[in-house]
Amino acid sequence: MKIAFAKPELPADGAVVVAVFEGRALSPAARQLDERSGGALSRAMAAGRFEGKKDQTLTVLAPAGLALNRVVLVGVGKAEAVDTQGAEGFGGTALAQLLTSGEAAIAIAADWAEGTKLSAAELAARIAFGARLRGYRFDRYFTKEKKEDKPSVKKVAVLTDAAAGAKAAFAPLDKVADGVFLTRDVVSEPANVITPEALAAEASKLSELGVEVEVLGEKQMRKLGMGALLGVGQGSERESQLVVMRWTGARDPEAAPLVLVGKGVCFDSGGISIKPSGGMEDMKWDMAGAGAVIGAMKALAGRKAKANVVGIVGLVENMPSGTAQRPGDVVTSMSGQTVEVLNTDAEGRLVLCDALWYAKERFKPKAMIDLATLTGAIIIALGNEYAGLFAGDDALAEAITAAGKAVGEPVWRMPLGEAYDKQLKSDIADMKNIGGREGGSITAAQFLKRFVGDVPWAHLDIAGTAWSKKDTATVPKGATAYGVRLLDRLVATQYEDR
Ligand code: BES
Ligand code: MN
Ligand code: ZN
């Protein structure tokens, strides 16, 4: 799909999308078409009970007096409430109405910035971004799809009289979308395709963008003493990997980096503490934290962010077998701390604890943020709307919260505390890898906290937000790439040179 900005001249044929404000107040393009069609749009709105409320849509086919195949009306609510997310939502909803319509080229009118929070250029850029995000589709395994089920839209023209400004504003957003798409791709791939080695190979491709990528195999990790991570992968035929991605974009290449750490369990069967079979297929996306970190690195490098950022992902497969780790095994982590593995299904924290310790020792980070589909308990607590945020550092927590809110990837802060930490006490080792049933997401976070030292750190439990069963305006159902836009925004607002 190609997206371009063009002068605000409405096409004579094909399909065009126009905005309508709440109370059926027409945007300039909508008014023009309504007049040219002798009020056909107004009549259609009344007949279709279309009020112009946010996300409401109405498609008018072959309106009288126009050669257009269709005019799509998309409600945007009150003008003064339209912000970047509102504009992106409009673009996404517009695209969704036409994606499989049969139209190859569509036009979206972005002539309605007046009264909103956005400039004309920004409105058009955000509409384009929203359309691009919604146009994503993971379809590489359909070999027999019917033509009418396939997307038909090849070209999107966003109509604006600020085309040059819109193009400039869209350029970095386009790179963020590239990162989002990489994440959605690798998270959607099944586990027989995205093995730890295959995912490491995907990450290695970021070197084309100037990211320095190192891949450590089991031998190197053994030398480093990563017994916790290696224990998780020891039941698998696939070799565990640790990938380090370094983007050096700050004026001072030696400046301490922000480090992003991702849980990359390419399949989580639970291991010997095996999961019930129902729904186990979901555990192909137990590498969504790693996927988000890789996608975020692609976005940052793509738009040449002026910051030093390191991405580290621990990639393993958690399988039961004759060589698998057993409940009750004791492993020694890179930190030297020992862990009694009472449940082999609480594996994410075992992967992350070695990755976090390694990050801290090697990079002396300004801050560390890990992303992980860590616990089912966070879904019980927050559902699929918010990711759980755990942070020792208030300033970091506030910055992450603000970034998430700004891009529509919200987080909800959860508590940490001594009393939760106590639940990790083991009878025979420094700690066990599970607490009680209660507060399961918090004890998981407490476990991680034991491996971050004094580095300002935050943990995002994205088990509820990494995958969606329903379409939203800018995120088709499936892998959401939750975290990529949040991290990009956080870097832009907190870590880039001015
Ligand atoms: N990968 C799962 C968590 C998960 C569950 C992610 C559902 C996405 C959807 C994690 O490794 C896990 O199995 N956690 C256990 C921990 C328990 C054994 C302490 C859980 O949440 O049940
Ligand atoms: Mn598990
Ligand atoms: Zn897991």
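These remarks concern the structure in this document. (Residues numbered from 1 in each chain as written. Chains lettered and ligands numbered in written order. Predicted model: local features only at pLDDT ≥ 70, side-chain atom pairs only at ≥ 80, totals over all residues. Heavy atoms only, no water.)

In this section: the sheet that holds strand β18 (residues 457-461). An order of β8-β9-β11-β10-β14-β18-β15-β16 is seen for the 8 strands of this open sheet, with the pairing classed as mixed. In this open sheet, the two strands that pair with only one neighbour each are β8 (212-216) and β16 (411-413). Going from strand to strand, the sheet's axes swing by 20° on average, the running direction of each strand aside. Across 10 bridges, the pairing between strand β10 (residues 258-268) and strand β11 (residues 308-318) is parallel. Counted as the bridge partner of Val-265 is Val-316 from β11. On the sheet, helix α15 (residues 484-495) packs against β10, β11, β14 (367-372) and β16 and is oriented at approximately 170° with respect to β14. (Pairing = 2+ DSSP bridges. Helix = DSSP H or I, 4+ residues; strand = E, 2+ residues; numbered from the N terminus. Axes fitted to C-alpha atoms, helices over the stretch in contact; angles between N-to-C directions. Contact = heavy atoms within 4.5 Å.)

With that settled, consider the packing of aromatic side chains. This model, assessed by the stated rule, comprises 8 aromatic pairs. Between the aromatic rings of Phe-90 and Trp-112, the centroid separation amounts to 4.9 Å while the plane-to-plane angle is 70°, which identifies the pairing as edge-to-face. Remark: Trp-112 occurs in the loop between β6 (105-109) and α4 (120-134) and Phe-90 occurs in helix α3 (residues 84-98); sequence separation between them is 22 residues. Grouping residues by exposure puts Phe-90 and Trp-112 together as buried. (Phe/Tyr/Trp six-rings, centres within 6.5 Å; stacked < 30°, edge-to-face > 60°. Buried < 20%, exposed > 50% of the residue type's maximum accessible area, 1.4 Å probe, protein only.)

Turning next to the side chain of Glu-340. In this structure, Glu-340 sits in strand β13 (residues 338-341). Buried within the structure, Glu-340 lacks any salt-bridge partner; Lys-432 is the closest side chain of opposite charge, at an N-O distance of 6.8 Å. With residues up to four places along the chain from it excluded, the contact list for Glu-340 reads Gly-328, Asp-329, Val-330, Ser-426, Asp-427, Ile-428, Ala-429, Met-431, Lys-432 and Asn-433. (Lys, Arg positive; Asp, Glu negative; His and termini not counted. Salt bridge = Lys/Arg side-chain N within 4 Å of Asp/Glu carboxyl O.)

Right, let's get into the site of ligand 1. The immediate surroundings of ligand 1 are formed by 17 residues, with Lys-275, Asp-286, Asp-345, Glu-347 and Gly-376 found nearest. Within the side chain of Asp-268, an N or O atom sits 2.9 Å from an oxygen atom of ligand 1. With respect to ligand 1, the backbone of Gly-376 contributes an N or O atom lying 2.7 Å from an oxygen atom. Here ligand 1 loses 77% of its free accessible area of 520 Å² to cover by the protein chains. Within the shell around ligand 1, the residues separate by chemical class into 6 nonpolar, 4 polar and 7 charged. (Near = heavy atom within 4 Å. Polar contact = N/O pair within 3.5 Å; in protein donor to acceptor, adjacent residues only side chain to side chain. Areas by Shrake-Rupley, 256 points an atom, 1.4 Å probe, with all protein chains shown as cover. Nonpolar A, V, L, I, M, F, W, Y, C, P; charged D, E, K, R; others polar.)

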